[in-house]
Amino acid sequence: MRDKVLILCPAYVAGKIGVIVDREMLSRAKFSGRWLIQVNSENIVVSLTPKEFEVVNDENEIF
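The structure reproduced in this document is the subject of the present report. (Residues numbered from 1 in each chain as written. Predicted model: local features only at pLDDT ≥ 70, side-chain atom pairs only at ≥ 80, totals over all residues. Heavy atoms only, no water.)

**Thoughts on the overall build of the protein chain**
Consideration 1: Scanning the protein chain from terminus to terminus reveals zero helices and five strands.
Consideration 2: Tracing the protein chain from N to C terminus, the helices and strands come up as β-β-β-β-β.
Consideration 3: Within the protein chain, the fraction of its 63 residues that count as buried is 24%.
Consideration 4: Looking at the protein chain alone, contacts between residues at least 24 apart form 31% of all its contacts between residues at least 6 apart.
Consideration 5: Taken as a whole, the protein chain presents about 4,400 Å² of accessible surface, with 52% of it coming from carbon and sulfur. (Helix = DSSP H or I, 4+ residues; strand = E, 2+ residues; numbered from the N terminus. Buried < 20%, exposed > 50% of the residue type's maximum accessible area, 1.4 Å probe, protein only. Contact = heavy atoms within 4.5 Å. Areas by Shrake-Rupley, 256 points an atom, 1.4 Å probe, with all protein chains shown as cover.)

Right, here's the structure in full:
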């Protein structure tokens, strides 16, 4: 099961729930430090830093 997250920013998706898809990878198999998040209520994937989202559990508690 993929982790649920509360998106904090950017403004156009702030407050929405998403799921972590994977870490963002740059060329030469290096990770960027960002995460790819599928926004549940939109048909988009956003690239966010760890400060731009918070992981939540099924009871909507923030970790």
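Next, the rest of the story.
**Let's talk about the pattern of salt bridges**
Consideration 1: Under the criterion given, the structure shown has two salt bridges.
Consideration 2: Salt-bridge contacts for Lys16 lead to Glu42; the nearest nitrogen and oxygen are separated by 2.6 Å. Of this pair, Lys16 sits in the loop between β1 (4-7) and β2 (17-25) while Glu42 sits in the loop between β3 (31-39) and β4 (45-48), and the two are 26 residues apart along the sequence.
Consideration 3: Using a relative accessible area of 24% as the deciding quantity, one classes Lys16 as partly exposed.
Consideration 4: The salt bridge involving Arg34 is made with Glu52; its shortest N-O contact spans 3.9 Å. Note that Arg34 is positioned in strand β3 and Glu52 in the loop between β4 and β5 (53-56), a separation of 18 residues in sequence.
Consideration 5: Among the residues examined, Arg34 registers a relative accessible area of 28% and is labelled partly exposed. (Salt bridge = Lys/Arg side-chain N within 4 Å of Asp/Glu carboxyl O.)

**Digging into the environment of Val21**
Consideration 1: Mapped onto the secondary structure, Val21 falls in strand β2.
Consideration 2: Considered as a pair, Val21 and Asp3 are 18 residues apart in the sequence and their alpha carbons are 8.6 Å apart.
Consideration 3: With residues near it in sequence (within four places) discarded, Val21 still touches Arg2, Leu36, Ile37 and Gln38.

**Observations regarding the sheet that holds β2**
Consideration 1: The strand order across the open sheet built from five strands is β4-β3-β2-β1-β5, with neighbouring strands paired in antiparallel fashion. Two strands in the sheet have a free side with no partner beyond their single neighbour: β4 and β5. Each adjacent strand pair in this sheet contributes to an overall mean axis angle of 45°, direction not counted.
Consideration 2: The pairing of β2 with β3 spans six bridges and is antiparallel. Among the inter-strand pairings, Gly18 is bridged to a residue of β3, identified as Val39. (Pairing = 2+ DSSP bridges. Axes fitted to C-alpha atoms, helices over the stretch in contact; angles between N-to-C directions.)

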